[in-house]
Protein chains: 2
Amino acid sequence: MTSILIKNSWIVSHPRKILRGNLYIEDNLISEITPKNMEADFVIEGRNLVVCPGFVNSHTHVAMSIMRGFLDDMEFTEFLRKTSEIDARMEERDIYLGAKLGIIEMIRSGTTLFFDMYYGEDIVAKVAKELGIRAALGWAVVDEDKTTQKGNPLKNAERFIKEYRNEDKIYPMIAPHGVYSCSDETLLKSKEIADKYDVPVHMHTAESREEVYGHYKRKGNRIIEYLSDLGILSPKFMAVHAVWLTMREVKILKESGAAVVHCPTSNMKLGIGGYPPIPEMMEYGINITIGTDSAATNNSLDIFREMRMAALIHKNSRWNPSLLKAEEVFKMATENPYTFLSLKGGRIEEGYLADICIIDGNDLSMQPLSKSNIINDIVYSATAQAVKYTIVGGKILQWKKHLQEILNDINDSEVFLWLSGMKNLEN
Amino acid sequence: MTSILIKNSWIVSHPRKILRGNLYIEDNLISEITPKNMEADFVIEGRNLVVCPGFVNSHTHVAMSIMRGFLDDMEFTEFLRKTSEIDARMEERDIYLGAKLGIIEMIRSGTTLFFDMYYGEDIVAKVAKELGIRAALGWAVVDEDKTTQKGNPLKNAERFIKEYRNEDKIYPMIAPHGVYSCSDETLLKSKEIADKYDVPVHMHTAESREEVYGHYKRKGNRIIEYLSDLGILSPKFMAVHAVWLTMREVKILKESGAAVVHCPTSNMKLGIGGYPPIPEMMEYGINITIGTDSAATNNSLDIFREMRMAALIHKNSRWNPSLLKAEEVFKMATENPYTFLSLKGGRIEEGYLADICIIDGNDLSMQPLSKSNIINDIVYSATAQAVKYTIVGGKILQWKKHLQEILNDINDSEVFLWLSGMKNLEN
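Residues numbered from 1 in each chain as written. Chains lettered and ligands numbered in written order. Predicted model: local features only at pLDDT ≥ 70, side-chain atom pairs only at ≥ 80, totals over all residues. Heavy atoms only, no water.

Trainee: Mind laying out the overall build of chain A, listing which residues take part and the relevant values?
Mentor: Looking only at helices and strands, chain A has 16 helices and 16 strands in total. The globule rule puts the C-alpha radius of gyration for 427 residues at 22 Å, and the 21 Å found for chain A is close to it. Within chain A, the proportion of its 427 residues that are buried is 69%. Pairs at least 24 apart in sequence give 72% of the contacts found in chain A among residues at least 6 apart. Of the roughly 14500 Å² of accessible surface on chain A, a fraction of 47% belongs to carbon and sulfur atoms. (Helix = DSSP H or I, 4+ residues; strand = E, 2+ residues; numbered from the N terminus. Rg over C-alpha atoms; globule rule 2.2 N^0.38 Å. Buried < 20%, exposed > 50% of the residue type's maximum accessible area, 1.4 Å probe, protein only. Contact = heavy atoms within 4.5 Å. Areas by Shrake-Rupley, 256 points an atom, 1.4 Å probe, with all protein chains shown as cover.)

As structure tokens, then:
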């Protein structure tokens, strides 16, 4: 059993109350917050540090990090065409390298847990374990005639869930891609698999108007109504995007206990139009989380920028600068997604998982620093640059040694060479 | 005459064409872009570096960096009340420390030139010279009965302009605060001073609906119409914000040759509502620039996040993901503001000012890196973290040594102690 002592730092404890003290980690748990000095295997001098819960990126397609910067400023149909063309070219090595690039990026920005949707999640799981991050991995499911996966997506998903459900720090999920790519049957079968193994359903939902009105034409109802009628919604359902909803659908979501993943940057970059009714969801007490989506639509997996974006867009769209306060957004990116997974995490509290982000209070973005502006600085001005340590399950993650490997390898990945139209970086 | 050679790097040359080669700087100018190897006093190994024009923050109140994190999530009237209460408390030392904190932050994020509006610009000028950044400094002018400045604002402004107009890298301006705080007479006198010394006018314009409709009630016309009638507009006028404009006003701006400063984050944080008609301004060929505004409304002076925000919001508000392409936004944050000041800068081109931002191509935000995604990566995924060197007028700026000083001093600044309600950081 190893122990870590973070001495004399600012601690963002629960509920986002700022203390000054020592934080003692034993094995994978936060064991004590105390003014006492204690002995530990590893001591971090915390004088200028801010200790806060690790951040959670609640929706991404991490392997797509390899496509960063190649899918920008284009019409949505062109974007979809090009993305699926690239997806079909992704070999195992590309998925491995893309996932590694993205996971390093998340660890660097203080992310301790992420939710993913893709095929090849077994490869992503391998990288997550290699790097030590906690990962909820949703195997993407579409109808068999629409897939670029080898084999049947439902069977692949079930195999993945069976294989990984007892794996440390890995939380397999099933991830139906959307109502436009999954039939009733595929959705029902997904739900059946989720129930059988007691895993979450992570699904793109009501992202674009085309999706919502296309569905309405086919089925005669709104997407959340439809999913409710099918019996898919539950406290283990995560509605990703949830932009184009009626108030009736917000109520249905609330009653079902489902969670929502808000991905503001991705929505904006794709010109989705409007914003999800987050203020109303907050009023209803829906469990709201935040996701970056992939590097193709963001183009960053830095959760700080995503918190900031979430805090800003609703202020402007509702003409109300006091909406979505820093503290509320902070909770969406820390505590809420842990709660969704029924994990005791996302808080700095005794007995909780030692999933922690340690921020350098001397970073410019955190200056000037006082008890009363720490959380505002984290949400509105900090970036990955301010992160000093990312700790998951009591282990300080070492991402730097993996970075050089990526820099060497990514340049000859097949997908990158194809995207850049190069054999290699010219010299 | 000193020289710098940046060897064998990616060069974002004009017009945003990516070359591979050596960049030779002699004294304060870019002297050659060449495949040849040359000798220089200082050599930077550029193999993994991206050399691009320095970035420009076209609107801030840099001294307000000392207020970061203390003015968030509040109603606009409360925000204004509190800001002016703090402004009145700012002593010379607070302005000095705030300016230093903000300028270090800008240099760290590759900013080579910034436009400021505040009183006490002589102190800001002193810090700018100390740190080596290029600065266009607008002394804020309001009616004498509304000011917190000592003495008459117009006289202060004129004195400042006279004293600094021949100072190296300092470009004094006059900065009428807004139509709600400046009478016709104050505006006309500001314009007279601007003309007398041939300096720009930098002014808050049509930021909020309250401002626009308040003005309409008083004067019976829209703000740009009014400024045009008064004869204030010219190619040396910078309309900051310019959110609530009619198309008629956009045309008037175009005809006057005035420039616009777009400050998207600040507008969003204050819940200004809507967005300035940037796509229409682009069609008209108006000189559009980008500003962070102060740390009270942003809360960061990182120009990368501001470029990203500008690129994203119009896509969403116009339901069109191909609007405001990365290249176009890049130009607004580099070339356009140099053009406004009639400076040969903001481009990597022979004979242009050696105002340069050098980015680490190995930073995660720039990976994977190829000729075809460099500019997209800079606009959509990079932050200050990726910046390796900021060069102004051929000099590599050394901000790190100033940082420790700030960390020591800022904690006992009067304004910070008052804002945080502390005598000092508790320990």
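Next comes the rest of the account.
Trainee: Give a description of the side chain of Asp302 of chain B that names residues and reports values.
Mentor: If you trace the backbone, Asp302 of chain B turns up in the loop between strand E13 (287–290) and helix H11 (303–317). Apart from residues no more than four positions distant in its own chain, Asp302 of chain B is found in contact with Glu105, Ser109, Thr292, Thr383 and Ala384 of chain B.

Trainee: Pulling in residues and values, what's your account of the nonpolar core?
Mentor: Ranked by size, the top nonpolar core spans 250 residues in total, and within it Leu227 and Ile378 of chain A together with Ile103, Leu227 and Ile378 of chain B carry the most contacts. Apart from residues no more than four positions distant in its own chain, Ile378 of chain B is found in contact with Val50, Cys52, Phe55, Phe304, Met307, Phe330, Ile359 and Met366 of chain B. (Core = buried A, V, L, I, M, F, W, Y, C linked by side-chain atoms within 4.5 Å.)

Trainee: Quick one: what's the story with the environment of Ile33 of chain A, residue by residue and with numbers?
Mentor: Residues and elements named next belong to chain A. Within the secondary structure, Ile33 is located in strand E3 (residues 29–34). For the pair formed by Ile33 and Trp319, sequence separation is 286 residues and the distance between their alpha carbons is 41 Å. Every residue in contact with Ile33, bar those within four places of it in the chain, is listed here: Ile11, Leu19, Asn22, Leu23, Ile348, Glu349 and Glu350.

Trainee: If you had to explain the interface of chain A and chain B to someone new, which residues and values would you point to?
Mentor: Counting residues at the interface gives 77 residues for chain A and 77 residues for chain B. The three residues of chain A that bury the most area against chain B are Asp73, Asn316 and Leu364 of chain A, which together make up 12% of that side's buried surface. Linking Arg108 of chain B and Asp363 of chain A is a salt bridge whose minimum nitrogen-to-oxygen distance equals 3.0 Å. Remark: the boundary between chain A and chain B carries 34 residue pairs in polar contact (both at pLDDT 80 or more). Contributing elements (two or more residues each) for the side of chain A that touches chain B: strand E1 (3–13), helix H2 (92–108), helix H9 (264–269), helix H11 (303–317), helix H14 (374–380), helix H15 (400–409) and helix H16 (414–420) of chain A. At 7 residues, the largest contribution of residues to the side of chain A that touches chain B is made by H11 of chain A. A per-class count over the side of chain A that touches chain B returns 32 nonpolar, 27 polar and 18 charged. (Buried area = accessible area lost by both parts, 1.4 Å probe. Salt bridge = Lys/Arg side-chain N within 4 Å of Asp/Glu carboxyl O. Polar contact = N/O pair within 3.5 Å; in protein donor to acceptor, adjacent residues only side chain to side chain. Nonpolar A, V, L, I, M, F, W, Y, C, P; charged D, E, K, R; others polar.)

Trainee: Can you lay out helix H7 (residues 223–230) of chain A for me, pointing to particular residues and giving the numbers?
Mentor: All names here are of chain A. Within H7, 6 of the 8 residues are buried, which leaves the element mostly enclosed by the surrounding structure. Turning to H7, its buried residues are Ile223, Ile224, Glu225, Tyr226, Leu227 and Leu230. On its buried face, H7 is in contact with helix H5 (184–197), strand E10 (201–205), helix H6 (209–219), strand E11 (237–241) and helix H8 (247–256). Trailing H7 by a residue or two, Gly231 shows a phi angle of about 85°, which is positive.

Trainee: Can you explain a negative patch on the surface? Please cite residues and give values.
Mentor: On the surface, Glu91, Glu92, Asp122, Glu163 and Glu414 of chain A cluster together into a negatively charged patch. Note that Asp122 of chain A resides in helix H3 (residues 121–131). (Patch = residues over 30% accessible without salt bridge, like charges linked within 9 Å, V, L, I, M, F, W, Y side chains within 5 Å. Lys, Arg positive; Asp, Glu negative; His and termini not counted. Charge placed at Lys NZ, Arg CZ, Asp CG, Glu CD.)

Trainee: Requested: an account of the pattern of salt bridges, with residues and values cited.
Mentor: Taken as a whole and judged by the stated rule, the model has 48 salt bridges over all chains. Taking the shortest distance from any N to any O, the salt bridge between Lys129 of chain B and Glu167 of chain B comes out at 3.2 Å. Taken together, the positions of Lys129 of chain B in helix H3 (residues 121–131) and Glu167 of chain B in the loop between helix H4 (153–164) and strand E9 (170–176) put the pair 38 residues apart, joining distant regions of the chain. Across the pair Arg347 of chain B and Glu349 of chain B runs a salt bridge, and its minimum N-O distance is 2.8 Å. Glu349 of chain B sits in the partly exposed class, given a relative accessible area of 27%. Here the salt bridges share partners, and the residues they tie into one network are Glu78, Arg81 and Glu85 of chain A.

Trainee: Tell me about unusual backbone geometry, and name the residues and values.
Mentor: Following His14 of chain B, the chain continues into Pro15 of chain B via a peptide bond in cis, with omega recorded as -15°. Within the secondary structure, Pro15 of chain B sits in the loop between strand E1 (3–13) and strand E2 (17–26). A cis amide bond links Gln367 of chain B with the next residue in sequence, Pro368 of chain B, at an omega value of -5°. Mapped onto the elements of the fold, Pro368 of chain B is located in the loop between strand E14 (356–360) and helix H14 (374–380). For Ala242 of chain A, which is not glycine, the phi dihedral falls at a positive 50°. Here Ala242 of chain A lies in the loop between E11 and H8. Of note in this structure, Ser342 of chain B is not a glycine but carries a positive phi near 55°.

Trainee: Would you mind going over the domain arrangement of chain A in detail, with residue names and values included?
Mentor: All names here are of chain A. Annotation of chain A at the domain level lists domain 1 (3–53 + 353–398) and domain 2 (55–340). With centres defined by C-alpha atoms, the gap from domain 1 to domain 2 works out at 29 Å. Between domain 1 and domain 2, the residue contacts involve 25 residues of the former and 28 residues of the latter. With both sides pooled, the region where domain 1 packs onto domain 2 buries about 2200 Å², and carbon together with sulfur makes up 66% of that total. On the domain 1 side of the contact with domain 2, Arg16, Val379 and Tyr380 bury the most area, a combined 30% of that side's loss. Counting every contact that joins domain 1 to domain 2 gives 1 salt bridge. Taking the shortest distance from any N to any O, the salt bridge between Asp355 and Arg134 comes out at 2.6 Å. Across the domain 1-domain 2 interface, the total number found is 6 residue pairs in polar contact (both at pLDDT 80 or more). Here the side of domain 1 that touches domain 2 is composed, by residue class, of 18 nonpolar, 5 polar and 2 charged. (Domains from an automatic or database assignment.)

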